[in-house]
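Structural overview for review
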Amino acid sequence: MFLRQFPYYIAEIAQAHEGSLGILHSYIDAVAKTGAHAVKFQMHIAEAESSKAETFRTNFSYEDATRFDYWKRMEFTFEQWQGIKAHVEAVGLDFIVSPFSVAAVKMLEKIGLTAYKIGSGELSNLLMLEAIAKTGTPVILSSGMSDFTELDTAVSLFKSRNTPLALLQCTTAYPTKATEYGFNVLAEMKLRYQIPIGFSDHSAKSSTGIAAVALGAEILEFHVVFDKDLFGPDAKASLTFPEVKQLIAGANDVYEALQNPVVKNHTADFKSLKTLFGKSLAVNRNLEQGALIQESDLESKKPANCGIPAADYKQVIGKKLLRPLKQWDFLTENDLS
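Residues numbered from 1 in each chain as written. Predicted model: local features only at pLDDT ≥ 70, side-chain atom pairs only at ≥ 80, totals over all residues. Heavy atoms only, no water.

With that settled, the discussion passes to helix H7 (residues 148–160). Between the first and last C-alpha of H7 there are 18 Å, a value that for 13 residues agrees with the 18 Å anticipated at 1.5 Å per step. Among all positions in H7, only Leu151, Ala154, Val155, Leu157 and Phe158 are buried. Down the axis of H7, the smallest arc covering the buried residues is 155 degrees, so these residues share one side. In H7, the exposed positions that point more than 90 degrees away from the buried face belong to Thr149 and Ser160. Against the buried residues of H7 lie strand E4 (115–118), helix H6 (126–133), strand E5 (139–142), strand E6 (165–170) and helix H8 (184–193). (Helix = DSSP H or I, 4+ residues; strand = E, 2+ residues; numbered from the N terminus. Expected span 1.5 Å × (residues − 1). Buried < 20%, exposed > 50% of the residue type's maximum accessible area, 1.4 Å probe, protein only. Arc of directions from axis to C-beta. Contact = heavy atoms within 4.5 Å.)

Written out as structure tokens, the structure reads:
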């Protein structure tokens, strides 16, 4: 598989760079310090993917008259993309890109990339999917807007080409509410497609990705932003870099735990601790020789193995003391008849 390891962490910059090449490169350096494995971009070629008729998904822009103008402002040249890829590789990250046109696919094949990420809005764009399948480059599919019929078509297309493939559960809502996560779909997709399964998150909470790993996600994708109050359509659905570090540390712990199941009946390693924390029976008051032991006479004291086990207290009730005992003395079998 093309993924380095599981969990595999993909930090998406998307349009957080606001069309600034300098800001984009700052994001690459920031992602490299988090423990993520890959950085993901979106490649927009406005003339190829959009038109003046496209409306805004959300009314966020104060400088773009149309959505087309916004995509135009998000563009970079071929040479700039080459520099972006070189920087990503220099800091040890994988270079993953979401194209939104066949033209973008053609450019990316010239540049080279680790994998294509296909956004959920493009899953029915079979023209572009076919172009990607012909390249042989690995693919990560996002399922946000798609039902299983649409997913079946896309997955079959890539499997028929023997394309290395992974699939992410995703909900197209920014930010996503807990009632919309769809964690149950992870197991359904794993059973149905038998490929690596992950979670594409827009909740803006590190706890969501940690929970997804606990429920079987092998890949986590999340948007990143320097500050959630910044301009842009995805900022409030993103994680800050301290949150990314928290996510990765927590998810790694959960994944390691899942790979090392505990056999509850294997307690040999706790033998010394069981003695230390275990309890032996003692008497809670001075008792004369010949006294009959009552439950009200008994206490339990650490450690174990200093007398009759506390668990066996019922067996001593009604028995006679063979010698006097002082308050808090341990009670042994030799003290009873």
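Continuing now.
Looking now at the packing of helix H1 (residues 21–32) against helix H4 (residues 78–90). Contact pair H1 / H4: the axes reach a minimum separation of 10 Å and the direction vectors enclose 20 degrees. Judged by the inter-axis angle, H1 sits roughly parallel to H4. Handedness of the H1/H4 crossing: right-handed. Mapping the contact onto sequence places Leu21, Leu24, His25, Ile28 and Asp29 in H1 and Gln80, Gly83, Ile84, His87 and Val88 in H4. (Axes fitted to C-alpha atoms, helices over the stretch in contact; angles between N-to-C directions. Parallel < 35°, antiparallel > 145°, perpendicular 65-115°, else oblique. Left-handed = near helix turned anticlockwise from the far one by under 90°.)

Bringing the packing of aromatic side chains into the picture now. Counting across every chain of the model gives twelve aromatic pairs. Of the aromatic side chains, those joined through ring pairs into one cluster are Phe41, Phe76, Trp81 and Phe95. The ring of Phe330 carries Lys301 above its face, with NZ or CZ at 5.1 Å from the centroid. (Phe/Tyr/Trp six-rings, centres within 6.5 Å; stacked < 30°, edge-to-face > 60°. Lys NZ or Arg CZ within 6 Å of the ring centre and 35° of its normal.)

Here the focus is the domain arrangement of the chain. In terms of domain boundaries, the chain breaks down into domain 1 (8–259) and domain 2 (268–335). Here the C-alpha centroids of domain 1 and domain 2 sit 65 Å apart. (Domains from an automatic or database assignment.)

This paragraph deals with unusual backbone geometry. Most peptide bonds take the trans form, and the phi angle of most residues other than glycine is negative. Cis geometry is adopted by the peptide bond preceding Pro7, which originates at Phe6 and carries an omega value of -10 degrees. Structurally, Pro7 can be placed in the segment before strand E1 (8–12). Cis geometry is adopted by the peptide bond preceding Pro303, which originates at Lys302 and carries an omega value of 0 degrees. Checked against the element boundaries, Pro303 lands in the segment after strand E10 (298–301). The residue Glu18 is not glycine, and still its phi comes out positive at about 55 degrees. Tracing the backbone shows Glu18 in the loop between E1 and H1.

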